[in-house]
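Each chain, letter by letter, is given below.
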Amino acid sequence: MFQRLFVEKAIANQARTKKIINNFKHLPIIEIDNYQDVFEKVRKPYLLKRSQLDLFLAHKKGSLVKQTPPAYGVKNEPHYYFIHQYNCVYECDYCYLQGYFRSPDIVLFLNYEEIISEIDKVVKNHQNQKIWFHAGEFSDSLALSNLTNEWPLYFNYFKNNPNAFLEIRTKAININPIKNLQPSKNIVISFSLSTEPQAKNHDIKTPSVRNRINAIEKLANLGFKIGVHFDPIIYSQDWQKDFMSVCHKLFKNINPSSIEYISIGVIRFSKSAYKCYKTNYPNSNFHTQEINISNNNQIKYHQEMRFKLLKFAEEVLAKYLPKDRVYRCMEE
Amino acid sequence: MAIAAKSVILPIVILLCFAHAGEARVFIKNLNMAWDKPSQTYKNNKYILLITGEGIYKSIFNLSVLLTKENSITEIVNLGIAGSMNSNLALNQIIPIACSYNFSSSEPNFESFLINHNSKFNCLSVSRKIDKSNYHKSMEYFGTIIDMELWGLCFVAKQFNLPINSYKLISDYTTCENNTQTIISNSSSYSHMLFDYFKKQNCITKKFVPTNNIKDIFNDKKFYFTQSQKRIVDNIITHQLPDNFELAIQELKLKAYPPKKRTKLLINKFSSSNISLNKE
């Protein structure tokens, strides 16, 4: 998967770093002063992730925890995300990371304790208030967690801070690193799902929808709280039928009480992400659909169509879950 | 209302770009190309051959001048010799380039150009000899093939919205003291190798370009295509463009149909007239 491994000199001799390096004995290992000396130094085209993907092990400096944009998660609760990785091994064609970073290379930040300490500072500023922390804003949280082995530390912290909620976002079915951890009411493993044709057409190199649902089932049976993101919804002629089908498959073997929430969101792009999307995936069917630029400079379907899709999704999901557990993501 | 004239399929015109005449010699001879004074290029009915001269600035200038005069060019292919920072690459090996970077100044240029995402080799365009400085050492993180022109060609190709491919023959290692005279004296042999490679490999990506931008139909809001409908229409345009295709588009646009119906009627018209759609 990776072509080379870049390691910051300052952390090269740490046990955690060495453990990760041991998994890549066959790769050239290059020590550098700072990951930014190479990562994003020049623009590395996004599609080079297919043939020239590099892995960086680094120590994150600067902001480790940030507030999410409005309308990000469950309403009326403060939401933050923490930065533990940059970029993703998967290649969903709509992914906003293609316009966000100037390189598709993966950076793993190994200073987990500092990230948790920053989370703790935010928690202490919101005493007695329910507060959310999201992992996977810039990456897939689980896909490489067998390498990072970071989740036991986070589980331990959140177990002792019941007002703080952790969401681990993923499309991966790599559940081994967490399945032996103690589930907690304030830790939600959330999976992005879509209709099967959409996943086949757009979620390149990701586990199939069926496998994702299997992983959800396994975790739910172990007592983990589950979140589901039907996001982004991309319209197609058979979307309604396909959406009903994926919901049916999801709830067939999973008790709705295991599902903490389901978010729904319609495909949207920033201008820069859309420019990259058009260049990287000129044959995507989204280009032939009616889209426009919204007031907040996002490229998406017109409001009527978005609301129609969201309303339909809400009606289908209402058959399985109480309404208050379904929310619209990034849509007021 | 006037209806647009029947589409005409333009011939493919491939622009072959070389830095030096020595690299191009066998192409000029074997492709029976003649010198065209007004454009300062060699030409036959399918290819135009440009000698850009050495360095990024000359490649930008000479390619830009040519493309402002020649609007029939559909694709650019760059061929030439290059150095390698990796001595594991065999000399005389010819490599398709993945991405082009510009390291010709004291700081690398942020802009890069993707050429072929399947290749593993990037080309760094420089303006001076590679030495043992930290700057040149750090270049290895970004690529191993060294030339002096490619980034300039890619820069211009992007401005003119033309696809570009690049194939580099490894002539020497940057880690060794190279002998410029030896490289010059080998130019004929390099030109032969490049030409043989060009003949054997599929160095050209475009099949043909329909005029009047018929593929704009996919962005035309008067039509709505599902993915499979788009594929069908794309196949019609690409593989067997019927004479009356554009006329039919114009006629449908004049009718007060919803976009989906227009698309359906268009496909019905041409898929029922025994046109092979090259279905997958």
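Scroll up for the structure.
Here goes a summary of the coordinates provided. Throughout, residues of each chain are indexed from 1 in the direction in which the sequence is written. All chains are assigned letters beginning with A, and all ligands numbers beginning with 1, in the order in which they are written. Reporting in this predicted model follows two pLDDT cut-offs: at least 70 for local features of residues, and 80 or more for side-chain atom pairs to be given and counted; totals over whole chains, interfaces and linings ignore these cut-offs and use all residues. The side-chain quantities take in all heavy atoms of the structure and omit both hydrogens and water.

**Observations regarding the overall build of chain B**
For step 1, the next point in the chain: The numbering of helices and of strands both runs from the N terminus, where a helix is a DSSP run of H or I of at least 4 residues and a strand a run of E of at least 2. Secondary structure assignment for chain B yields nine helices and 13 strands.
For step 2, the next point in the chain: Relative accessibility decides the category of a residue: with a 1.4 Å probe and only protein chains considered, values under 20% of the type maximum give buried, values over 50% give exposed, and everything between is partly exposed. Counting the 280 residues in chain B, one finds 48% classified as buried.
For step 3, the next point in the chain: Considering only residue pairs separated by 6 or more positions, chain B has 70% of its internal contacts joining residues 24 or more positions apart.
For step 4, the next point in the chain: We get accessible surface area from the Shrake-Rupley algorithm with a probe of 1.4 Å; when it comes to residues, only the shown protein chains can shield them. Here chain B has roughly 14300 Å² of accessible surface; of this, 52% comes from carbon and sulfur atoms. Contacts between residues were defined by any pair of non-hydrogen atoms, one from each residue, lying within 4.5 Å.

**Notes on the overall build of chain A**
For step 1, the next point in the chain: A tally of helices and strands in chain A yields eleven helices and 18 strands.
For step 2, the next point in the chain: A globule of 332 residues ought to have a C-alpha radius of gyration of about 20 Å, and chain A, at 20 Å, matches this closely.
For step 3, the next point in the chain: Seen through its principal axes, chain A has C-alpha atoms that stretch 55 × 45 × 35 Å.
For step 4, the next point in the chain: Classification of the 332 residues of chain A by burial places 61% in the buried group.
For step 5, the next point in the chain: A separation of at least 24 residues holds for 77% of the contacts in chain A among residues at least 6 apart in sequence.
For step 6, the next point in the chain: On chain A, roughly 14400 Å² of surface is accessible, and the fraction owed to carbon and sulfur atoms is 46%.
For step 7, the next point in the chain: For chain A, the distance from the average position of its 45 positive side-chain charges to the average position of its 32 negative side-chain charges is 2 Å. The globule rule used for comparison is 2.2 Å times the number of residues to the exponent 0.38, while the radius of gyration itself is calculated over C-alpha atoms. His residues and chain termini do not enter the charge count, which takes Lys and Arg as positive and Asp and Glu as negative. Charge coordinates come from a single atom per side chain, which is NZ of Lys, CZ of Arg, CG of Asp or CD of Glu.

**A word on unusual backbone geometry**
For step 1, the next point in the chain: A cis amide bond links Asp231(A) to the next residue, Pro232(A), at an omega of 5°.
For step 2, the next point in the chain: Among the structural elements, Pro232(A) can be located in strand β13 (residues 225-233).
For step 3, the next point in the chain: With a phi close to 50°, Asn149(A) is a non-glycine residue in the positive phi region.
For step 4, the next point in the chain: With respect to the element layout, Asn149(A) can be found in the loop between α4 (145-148) and α5 (151-159).
For step 5, the next point in the chain: For Asn92(B), which is not glycine, the phi dihedral falls at a positive 70°.
For step 6, the next point in the chain: By secondary structure assignment, the location of Asn92(B) is in the loop between β6 (75-84) and β7 (94-96).
For step 7, the next point in the chain: For Asn92(B), a relative accessible area of 37% corresponds to the partly exposed category.

**Side note on the sheet that holds strand β14 (residues 259-266) of chain A**
Residue and element names in this part refer to chain A.
For step 1, the next point in the chain: Between any two strands, at least two bridges found by DSSP are needed for them to pair. Spatial strand order, β4-β5-β9-β10-β11-β13-β14-β18: eight strands in an open sheet with mixed pairing. Either end of the sheet is taken by a strand with one partner, and the two such strands are β4 (65-67) and β18 (326-328). Here the average twist between neighbouring strands, direction ignored, is 25°.
For step 2, the next point in the chain: Sheet topology note: the strand β10 (residues 164-170)/strand β11 (residues 187-193) ladder contains five bridges and is parallel. Residue arginine 169 lies in a different strand from β11, and its bridge partner there is serine 190.
For step 3, the next point in the chain: Between the N-to-C directions of two axes lies an angle of 0 to 180 degrees, each axis being a line fitted to C-alpha atoms and, for a helix, fitted only over the stretch in contact. Packing against the sheet, helix α11 (residues 303-318) makes contact with β13, β14 and β18, and its axis sits at approximately 160° to β14.

**Overview of the interface of chain A and chain B**
For step 1, the next point in the chain: Contact with chain A, which involves 30 residues of that partner, is made by 29 residues of chain B.
For step 2, the next point in the chain: In total, chain A and chain B occlude about 2400 Å² of area from one another, counting both sides; carbon and sulfur atoms represent 53% of this.
For step 3, the next point in the chain: Of all residues in chain A, the largest losses of buried area upon contact with chain B belong to Val42(A), Arg43(A) and Thr288(A), amounting jointly to 25% of the total for that side.
For step 4, the next point in the chain: Think of a salt bridge as a Lys or Arg side-chain nitrogen and an Asp or Glu carboxyl oxygen that are within 4 Å of each other. Linking chain A with chain B are two salt bridges, by the criterion used here.
For step 5, the next point in the chain: Glu111(B) is paired through a salt bridge with Arg43(A); the nearest N and O atoms lie 3.3 Å apart. Accessible-area loss on putting two parts together, using a 1.4 Å probe and summing over both, is the definition of buried area adopted here.

**Some remarks on the packing of helix α8 (residues 209-221) of chain A against helix α9 (residues 239-252) of chain A**
All names here are of chain A.
For step 1, the next point in the chain: Look at α8 against α9: their axes get within 9 Å of each other, and the N-to-C directions meet at 30°. Here α8 is positioned roughly parallel relative to α9, judged by the angle of their axes. As α8 runs across α9, the sense of the crossing is right-handed. On α9, the residues touching Val209, Ile213 and Ile216 of α8 are Val246, Lys249 and Leu250.
For step 2, the next point in the chain: Throughout, the ten residues Ala, Val, Leu, Ile, Met, Phe, Trp, Tyr, Cys and Pro are labelled nonpolar, Asp, Glu, Lys and Arg are labelled charged, and all others, Gly among them, are labelled polar. Tallied by class, residues from the contact of α8 with α9 come to five nonpolar, no polar and one charged. Angular relationships are summarised with four words: roughly parallel below 35 degrees, roughly antiparallel beyond 145, roughly perpendicular across 65 to 115, and oblique for the angles in between. Less than a right angle of anticlockwise turn of the near helix away from the far helix marks a crossing as left-handed, whereas a clockwise turn marks it as right-handed.

**Observations regarding the nonpolar core**
For step 1, the next point in the chain: By nonpolar core we mean a set of buried residues, namely Ala, Val, Leu, Ile, Met, Phe, Trp, Tyr and Cys, connected to one another through side-chain atoms within 4.5 Å. With 131 residues, the main nonpolar core has Phe133(A), Trp151(A), Phe230(A) and Ile262(A) as its most contacted residues.
For step 2, the next point in the chain: Not counting residues within four places of it along the chain, the set of residues in contact with Phe230(A) comprises Leu193(A), Ser194(A), Phe243(A), Val246(A), Cys247(A), Leu250(A), Ile262(A), Ser263(A), Ile264(A), Gly265(A) and Leu317(A).
For step 3, the next point in the chain: In terms of nonpolar packing, the next biggest core, distinct from the first, is built from 28 residues, Ile48(B), Ile73(B), Phe113(B) and Ala157(B) among them.

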